[in-house]
Amino acid sequence: QVHVVESGGGLVQAGGSLRLSCAASGITLRISTMAWYRQAPGKQRELVASISSGGNTNYAESVTGRFTISRDNARNTVYLQMNSLKPEDTANYLCKQYDILRRQDYWGKGTLVTVSS
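Below, the structure is looked at part by part. (Residues numbered from 1 in each chain as written. Predicted model: local features only at pLDDT ≥ 70, side-chain atom pairs only at ≥ 80, totals over all residues. Heavy atoms only, no water.)

## Observations concerning the packing of aromatic side chains
Line of reasoning, step 1. The final tally for this structure, using the stated rule, is one aromatic pair.
Line of reasoning, step 2. When the centroid spacing of 4.9 Å and the interplanar angle of 50 degrees are considered together, the rings of Tyr37 and Trp107 count as tilted. Here the residue Tyr37 occupies a position in strand β4 (residues 31–39), and Trp107 occupies one in strand β10 (residues 104–107), the gap between them amounting to 70 residues.
Line of reasoning, step 3. Relative accessible area serves as the criterion here: at 16%, Tyr37 is assigned to the buried category. (Phe/Tyr/Trp six-rings, centres within 6.5 Å; stacked < 30°, edge-to-face > 60°. Helix = DSSP H or I, 4+ residues; strand = E, 2+ residues; numbered from the N terminus. Buried < 20%, exposed > 50% of the residue type's maximum accessible area, 1.4 Å probe, protein only.)

Written as structure tokens, this is what we have:
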């Protein structure tokens, strides 16, 4: 019904950059808040960044100044530009989008980001 798919993950060296994308598909979607989470092996899932329908953004302190979240409302797509990557950024990055019409959060399966030192 509603599918959320992330892309853009991969293996990069410390100091490198990646751009993650997350697109939601479905009939008559009305997406409000979009967000990126990450979960490293053996660790808790944490909110990385979020962006409201009005464009207001929030970032985890650990990524502030390095990551930028943006959205394309027409495509129901959210992006995460990741610069100056550190090994501690290594995690599965998951996307969440809230559909107002269905009153429900939708999650992707995640895209893996590995940062080597």
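Still more ground to cover, so stick around.
## Notes on the pattern of salt bridges
Line of reasoning, step 1. With the rule as written, the count across this model stands at five salt bridges.
Line of reasoning, step 2. When the shortest N-O distance is used, the salt bridge between Arg38 and Asp89 registers 2.9 Å. Taken together, the residues span a long stretch of sequence, with Arg38 in strand β4 and Asp89 in the loop between β8 (77–82) and β9 (91–99) at a distance of 51 residues. Residue Arg38 shares its accessibility class with Asp89, and that shared class is buried.
Line of reasoning, step 3. Arg102 is the salt-bridge partner of Asp99, the closest N and O atoms lying 2.6 Å from each other.
Line of reasoning, step 4. We classify Arg102 as partly exposed; its relative accessible area is 23%. (Salt bridge = Lys/Arg side-chain N within 4 Å of Asp/Glu carboxyl O.)

## Some remarks on the pairing of β4
Line of reasoning, step 1. Most of β4 sits out of view: seven of its nine residues are buried.
Line of reasoning, step 2. Bridge count for β4 against β9 is seven bridges, and the pairing is antiparallel. Paired with Ala35 across the strands is Lys96, a residue of β9.
Line of reasoning, step 3. With five bridges connecting them, β4 and strand β5 (residues 46–51) associate as antiparallel partners. Among the inter-strand pairings, Ala35 is bridged to a residue of β5, identified as Ser50.
Line of reasoning, step 4. Connecting β4 to the antiparallel partner β5 that follows it, the hairpin turn spans six residues, and Gly42 within it adopts a positive phi of roughly 75 degrees. (Pairing = 2+ DSSP bridges.)

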